[in-house]
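Listed below, chain by chain, are the residues.
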Amino acid sequence: MIKKIHVDQLKPGMFIHDLNCGWLDHPFLSNTFHVRDQATVDKIVGLGIRELYIDTVKGADVWAARTQQEVSADLDRQLNEIANKGPEQLVATALKEETARARRLHGEANKIVVRMMDDVRLGRQIEIERMEPLVESMVDSIFRNQDAMLPLARLKKHDDYTFEHSVSVCALLATFGRGLKLERGVILEMALGGLLHDVGKARIQEAILNKPGKLTDEEFTLMRSHVDLGIEVLRHTPGVPAIALRVAAEHHERFDGSGYPNKLNGAEMGLYGQMAAIIDVYDAISSDRCYHKGMPPTQALRKLLEWSSHHFDPQLVQAFIRAIGIYPSGALVLLESKRLGVVVEQNEKNLLTPILRVFYHTGHNHYIAPEIVDLTKSMDRIVSFESYDKWNIDPQQWLPG
């Protein structure tokens, strides 16, 4: 049986089923292993992990711990409560009208981040004035219709993850800020911080950044140093706003003080750093990397909700979920009718009933004529979120556009 325990309950002889954290938050080869000694327990505690899952069939038990099924049921209940509140913003531009523009901006943003990282590697100064107009155009696109830009975050290549992740964080910060009704100037500076937040990785060897196996302790420490390396670069870059610096400096800090590099707690972190931390984790765990498969967006949101009991501000996590939807645009879902559909647009009044492009029948195992289905006007209902890999489906073919 899989159970969730607090780290204080972890002892040698237990079998860890899931460390319950992001892959870059621990140096172990796998999330699943036997705990053979106290040194391993101490190492896990030292990483700031608060809760994790054990397999009581393969190792020692904690009789009073909640089962994984009980935890999942509680998370589903919380998601339903969040969905019922719904977002308050209305779409201003038709999706079809905004899609081509969003794709062009997304491509330009990837190129500009690649150029920025190359400049840092070569010791050249970042040209902030070349980035600001693009960021402004991306924010404008998000305000017109966020469902055109956000699905593009799924189209990452393993070798280009660092660049494309920065673009995704930029777009998600703009969406989050829009959902919180922050001032447009603040959103622009946050979004710029999203593009800049991982600039320190330009000073870390690519062999470490993209290493498919376990990092050594030295490599793990070096990987974490990218925050300080980035801040050093940005503090010597003219024109970087204070909010953008905050995003870059605090995106790996945690609400309970377990993050890095400065172990700031919620009272010490700024709003923008807290928002960036939530988004950075969401995009990381929902993206494919050379060393692990990303989880479906809805599953990633459930993880954020679970971790909001310690790592993140619960109210901010709920606000983020409302901002992007229970089933974010680009997510693959299974309907009661056994059809698969990709979420193309949110229903502002009910996050549980988005607009889908339905294109595959799982009962018959074949593609069907694509059809747009508005679940607010259909008897069909979503029964689960799905993985594109599970069904051997190319997401790029079915994303909005």
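See the structure above.
First, a word on scope: everything that follows refers to the structure included in this document.

Scoring rules and cut-offs
- Residues numbered from 1 in each chain as written.
- Predicted model: local features only at pLDDT ≥ 70, side-chain atom pairs only at ≥ 80, totals over all residues.
- Heavy atoms only, no water.
- Helix = DSSP H or I, 4+ residues; strand = E, 2+ residues; numbered from the N terminus.
- Rg over C-alpha atoms; globule rule 2.2 N^0.38 Å.
- Buried < 20%, exposed > 50% of the residue type's maximum accessible area, 1.4 Å probe, protein only.
- Contact = heavy atoms within 4.5 Å.
- Areas by Shrake-Rupley, 256 points an atom, 1.4 Å probe, with all protein chains shown as cover.
- Axes fitted to C-alpha atoms, helices over the stretch in contact; angles between N-to-C directions.
- Parallel < 35°, antiparallel > 145°, perpendicular 65-115°, else oblique.
- Left-handed = near helix turned anticlockwise from the far one by under 90°.
- Nonpolar A, V, L, I, M, F, W, Y, C, P; charged D, E, K, R; others polar.
- Pairing = 2+ DSSP bridges.
- Salt bridge = Lys/Arg side-chain N within 4 Å of Asp/Glu carboxyl O.
- Phe/Tyr/Trp six-rings, centres within 6.5 Å; stacked < 30°, edge-to-face > 60°.
- Lys NZ or Arg CZ within 6 Å of the ring centre and 35° of its normal.

Moving on, we get to the overall build of the protein. Each helix and strand counted, the protein has 14 helices and ten strands in total. Expected size for 401 residues packed as a compact globule is a radius of gyration near 21 Å; at 21 Å, the protein falls within 12% of this value. Oriented by its inertia axes, the alpha-carbon framework of the protein measures out at about 60 × 55 × 35 Å. Scored against the burial criterion, the 401 residues of the protein give a buried share of 58%. A fraction of 68% describes how many contacts in the protein between residues 6 or more apart in sequence connect residues 24 or more apart. Of the roughly 17,200 Å² that the protein leaves accessible, carbon and sulfur atoms contribute 51%.

Time to look at the environment of Tyr260. With respect to the element layout, Tyr260 can be found in the loop between α10 (242-250) and α11 (271-285). Note on Tyr260: relative accessible area 9%, which makes it buried. With 76 residues separating them along the chain, Tyr260 and Glu336 place their C-alpha atoms 44 Å apart. Not counting residues within four places of it along the chain, the set of residues in contact with Tyr260 comprises Arg224, His226, Val227, His252 and Glu253.

Moving on, we get to the packing of helix α5 (residues 161-179) against α11. Where α5 meets α11, the closest approach of the two axes is 9 Å, and the angle between their N-to-C directions is 130°. In terms of orientation, α5 lies oblique with respect to α11. Helix-helix and strand crossings are classified by hand; for α5 and α11 the assignment is right-handed. Where α5 approaches α11, its residues Tyr161, His165, Ser168, Val169, Leu172, Leu173, Phe176 and Gly177 are matched on the opposing element by Met275, Ala276, Ile278, Ile279, Asp280, Tyr282, Asp283 and Ala284. Here the contact of α5 with α11 is built from residues that sort into eleven nonpolar, three polar and two charged.

Two quantities define a packed helix pair, namely the angle between the helix axes and the distance between the axes. It is at 9 Å that the axes of helix α3 (residues 95-121) and helix α4 (residues 128-149) come closest, and there the two elements cross at 145°. Between α3 and α4 lies a crossing whose hand is left-handed. Of the residues in α4, those in contact with Leu95, Glu98, Thr99, Arg101, Ala102, Leu105, His106, Glu108, Ala109, Ile112, Arg115 and Met116 of α3 are Arg130, Met131, Leu134, Ser137, Met138, Ser141, Arg144, Asn145, Asp147, Ala148 and Met149. The residue inventory of the contact of α3 with α4, partitioned by class, reads eleven nonpolar, five polar and seven charged.

Turning next to the sheet that holds strand β9 (residues 366-374). With antiparallel pairing, the five strands of this open sheet are ordered in space as β9-β8-β7-β6-β10. In this open sheet, the two strands that pair with only one neighbour each are β9 and β10 (382-386). The sheet shows a mean angle of 30° between the axes of neighbouring strands, direction not considered. Bridge count between strand β6 (residues 332-335) and β10: four bridges; the pairing is antiparallel. Bridging across to β10, Leu334 finds its partner in Ser384.

On to the sheet that holds strand β1 (residues 2-6). Reading across from one edge, β3-β2-β4-β1-β5 is the order of the five strands in this open sheet, with antiparallel pairing throughout. With partners counted over all chains shown, the strands left at the sheet margins are β3 (33-34) and β5 (66-67), one partner each. In this structure, β1 lies alongside β5, joined through two bridges in antiparallel fashion. Following the sheet pairing, Lys3 is matched in β5 by Thr67.

Where charged atoms from two side chains of opposite charge approach closely, those side chains can pair. The final tally for this structure, using the stated rule, is 25 salt bridges. Here Asp118 ties to Arg121 by a salt bridge, and the two come within 3.1 Å at their closest N and O atoms. Taken as a pair, Asp118 and Arg121 lie in helix α3 at a separation of three residues, close to a single helical turn. Overall, Asp118 belongs to the partly exposed group, its relative accessible area being 34%. In this structure, the salt-bridge partner of Glu250 is Arg246, at a minimum N-O distance of 2.4 Å.

Take the packing of aromatic side chains next. One pass over the structure, following the stated rule, counts seven aromatic pairs. Judged by centre distance (5.2 Å) and plane angle (55°), the rings of Phe176 and Phe320 are tilted. Linking Phe176 in helix α5 with Phe320 in helix α13 (residues 314-324), this pair joins segments that are 144 residues apart in sequence. Judged by its relative accessible area of 0%, Phe176 is buried. Measuring from ring centre to ring centre gives 4.2 Å for Phe359 and Trp398, while their planes differ by 5°; the resulting arrangement is stacked. Taken together, the residues span a long stretch of sequence, with Phe359 in strand β8 (residues 355-361) and Trp398 in helix α14 (residues 395-398) at a distance of 39 residues. Look at Phe359 and you get buried, because its relative accessible area is 0%. Three or more aromatic residues joined by ring pairs form one cluster here, namely Phe359, Tyr360, Tyr367, Trp391 and Trp398. When the ring centre of Phe143 is taken as reference, the NZ or CZ atom of Arg178 above it lies at 5.8 Å.

Scope: geometric values only; no functional claims are made or implied.
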